[in-house]
Amino acid sequence: MAAMAAEQRRGLGQLSAVAVYRRVVGPGRLERRRRGAPLPAGRKRAKARPRRGQAGGGGSQPEAPPPSRVELPAESRPAESRPAAPAAESEEKQQGGPVAIPGGPRPAGKDGGGGVSGLLRRLGRLEDSRQRAAELFRWLLAPVEPGEFLRQHWERAPLLLRRGDPGYYAGLFSTADFDAALRGGEVHFGTHLDVTSYAEGVRETHNPSGRALPNVVWDFYQNGCSLRLLCPQAFSPTIWHFLSILQEQFGSMVGANTYLTPPGTQGFAPHYDDIEAFVLQLEGKKHWRVYSPRTDSEVLPQFSSANLTQAELGKPVLETVLEAGDLLYFPRGFIHQGDCLPDAHSLHITVSSYQRNSWGDLLEKLLPAALQMALEEDVEYRRGLPMGYLGYMGVANSDAVSAQRTAFIEKVQSLIKKLVDYAPIDAAVDQRAKSFLHDCLPPVLTQSEKSQSVYGFPARWQDGGPCNVDILITKDTEVRLLRHGIIRLCNEEAGVMLYYTTENSRVYHKEEPKFFELDPEYTDSIEFLLSSYPNHVSVDNLPCETLDEKISLATLLFEKGILTTKKPLVQA
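Once a new chain begins, its residue numbering starts again from 1 and follows that chain's sequence as written. The model is predicted, so local features are restricted to residues of pLDDT at least 70 and side-chain atom pairs to those at 80 or more, both for listing and for counting; the totals for chains, interfaces and linings are taken over all residues. To get the side-chain values, take all heavy atoms of the structure and skip hydrogens and water.

*Asks:* Sorry if this is basic, but what is going on with the overall build of the chain here?
*Replies:* Put simply, DSSP marks the helices as runs of H or I at least four residues long and the strands as runs of E at least two long, and each gets a number from the N terminus on. Summing up its helical and strand segments, the chain has 16 helices and 20 strands in all. Taking all 572 residues of the chain together, the buried fraction comes to 49%. As presented, the chain carries roughly 27900 Å² of accessible surface, and 53% of it is formed by carbon and sulfur atoms. Accessible area is worked out with a 1.4 Å probe on protein chains only. A residue is then buried under 20% of its type maximum, exposed over 50%, and partly exposed in between. Throughout, the Shrake-Rupley method with a 1.4 Å probe supplies accessible areas, and for residues the shown protein chains are the sole cover considered.

*Asks:* In this structure, what is going on with the nonpolar core? I would like to understand it.
*Replies:* Buried together is how nonpolar side chains tend to be arranged in soluble globular proteins. Counting residues in each nonpolar core, the largest one holds 56 residues, and the members touching the most others are L193, F242, F278 and L280. Take this core: its biggest share by element is seven residues, from helix 9 (residues 237-250). The definition of a nonpolar core used throughout is a set of buried Ala, Val, Leu, Ile, Met, Phe, Trp, Tyr and Cys residues joined through side-chain atoms within 4.5 Å. L518, L529, L557 and F558 belong to the second-largest nonpolar core, a separate cluster that totals 29 residues.

*Asks:* I'm lost on unusual backbone geometry in this one. Help?
*Replies:* Excluding glycine, residues mostly carry a negative phi; peptide bonds, for their part, are mostly trans. With an omega of 10°, the peptide bond running from A142 to P143 counts as cis. Within the secondary structure layout, P143 lies in the loop between helix 5 (129-141) and helix 6 (146-152). Following Y533, the chain continues into P534 via a peptide bond in cis, with omega recorded as 10°. With respect to the helices and strands, P534 occurs in the loop between helix 15 (523-532) and strand 19 (537-538).

*Asks:* Would you explain the packing of aromatic side chains in this entry?
*Replies:* When we look at a pair of aromatic rings, we describe it by the centre distance and by the angle of the planes. Aromatic rings from Phe, Tyr and Trp, with only the six-membered ring used for Trp, were paired whenever their centres fell within 6.5 Å, and each pair was classed as stacked if the ring planes differed by under 30 degrees, edge-to-face if by over 60, and tilted otherwise. One pass over the full model with this rule turns up 27 aromatic pairs. Ring geometry for Y168 versus Y169: centroids 5.4 Å apart, planes at 85°, classification edge-to-face. Here Y168 and Y169 have matching classes, each one buried. Taken together, a centroid distance of 4.9 Å and an interplanar angle of 40° make the contact between Y499 and F515 tilted. Linking Y499 in strand 17 (residues 495-500) with F515 in strand 18 (residues 514-518), this pair joins segments that are 16 residues apart in sequence. On the basis of relative accessible area, Y499 is assigned to the buried category, the value being 2%. Through successive ring pairs, a cluster of aromatic residues spans F137, F149, W154, F250, F278, Y329 and Y354.

*Asks:* Before we go on, may I ask you to explain the pattern of salt bridges in this structure?
*Replies:* Once the charged atoms of two side chains with opposite charge are near each other, the side chains can pair. Salt bridges are defined by distance alone: a side-chain nitrogen of Lys or Arg within 4 Å of a carboxyl oxygen of Asp or Glu. As enumerated under the stated definition, the model contains 26 salt bridges in all. Between R332 and E155 there is a salt bridge, and its shortest N-O distance comes to 2.9 Å. Here R332, found in the loop between strand 10 (327-330) and strand 11 (335-339), pairs with E155, found in the loop between helix 6 and strand 3 (159-162); they are 177 residues apart in sequence, far enough to count as distant. On the basis of relative accessible area, R332 is assigned to the buried category, the value being 6%. The network of salt bridges with common partners includes R132, E449 and R483.

*Asks:* Mind showing me how you'd approach the sheet that holds strand 15 (residues 478-481) here?
*Replies:* Where strands meet in a sheet, backbone hydrogen bonds hold them as pairs that are either parallel or antiparallel. Any two strands between which DSSP finds at least two bridges are classified as paired. With antiparallel pairing, three strands are arranged side by side in an open sheet as 19-15-20. Only two strands of the sheet have a single partner each, and these edge strands are strand 19 and strand 20 (563-565). Pairing of strand 15 with strand 19 involves two bridges; the strand directions are antiparallel. Looking across to strand 19, one finds that V479 is bridged to V537.

*Asks:* Looking at this model, I keep getting lost on the pairing of strand 6 (residues 226-230). Mind explaining?
*Replies:* Across a regular strand the side chains alternate sides, sitting on one face of the sheet and then on the other. Extensive coverage of strand 6 is indicated by the burial of five of its five residues. Where strand 4 (residues 193-199) meets strand 6, four bridges bridge the pair, whose relative direction is antiparallel. In the sheet register, L193 faces strand 6, and the bridge partner there is L229. As judged from the four bridges shared by strand 6 and strand 7 (residues 255-261), these two strands associate in the antiparallel manner.

Below is the structure:
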């Protein structure tokens, strides 16, 4: 009977989550992808007002550099990881793409293995967070040098790295980690997990409502659905750690999704994205096709595309099979699709950055501010438009030639050119940085950093009362910033604000921006801490007027997790 029931389930799908979904909801087409102590008496406290903040303010195909394929020499690769070349790879060679670079697997792991966890431990021994970020970026691209990547591929052309090292990403994320996240009980359909399919040109999402229970999720998977885990950093400490380091390299939000696809299926329609994408193949293998932007308007687009049909694609510029340890990079605007081969599942993570991080996005903040300053300071911008201009300007008069039109156009051009003189470029960059800090993941502390910060401060209830509560910073206490990129000073209408990331959430924008107001006389000390990093400085060297102010500022920054001390303030 049990065997018969199982056979019925396989044959009719009556008990499957997919069947239930289709009966209740009906086949639904995918919506567009979603893609953010009081001081002792007499002391002056640094003026701090932590509060919930408010965010500030079909043409011809364009020419594109050919994609590159970097493959480690066969003799340096394990025999079992030497795949047969797909038919399309001969086309890559005809386009001048692939280049073989000598070298062995795992160039960043010469001082011992340990997979990604070992890599993160090694990076934790570097004093400067900027150096940690640069080294992680180098490891991500190895054996290609970062400088070469930025010159030849970044925002220009795809890059394929076939490493022949299935364990290169070991420990970053696995199907076991995926299962553990489901069993943790905090994954919800739609919010954290998408169930998708793509067959016969139809892309569907099959999300029920509520919690994503393991039996329901794995039933969808058994019935050929792909699983996209959104914001995996909320469930995986390793991904959180990985992304929190890398974000300082890009100076732009670094996010991730993981994709688990059953053998012989495809979960998503062809499309292009508005992010720079790094596809890290974690398990199994996947067949990928990448296509150049079809028109100039699709080169480095501001927004992702809708789902595309196969008839809209043309010929791929890159077609390959990614195996565990490989990496595929493609810029925003490059159309892509991936499908699983019949003999293996696929688990990959897409690490992304540079969403809405262009010159145009900067100008969106800069130009309105420049115009406002010009209106306030220059009477030329406040003078009235000439009488009768409606009669000779406008589209209906665009072909007319007259002295009045010429003078009007020259005046507009003059005012626009002059607008540059009023552009508060640095202030606009600070507003971009403020938004970035809101996007950031909070830092992951090493054990030594924790012991030297407020997060390891041994305050507790003991023997009938609290003990080790007082933060006793003195003039001789040596301090430094926890990370170089965790703070930003912004001069705003309401005052000087210090934005910081230490109280951010692992879930995108779950918390409001974190900031507090500083008295202007403390800005020199903040700049001093930034310029001194990664070196420790004594509190007495902070450029404040009095010792009380120095200690007050250092105490405030320590309480916010922004400063660490060279030695633990209290021995646990």
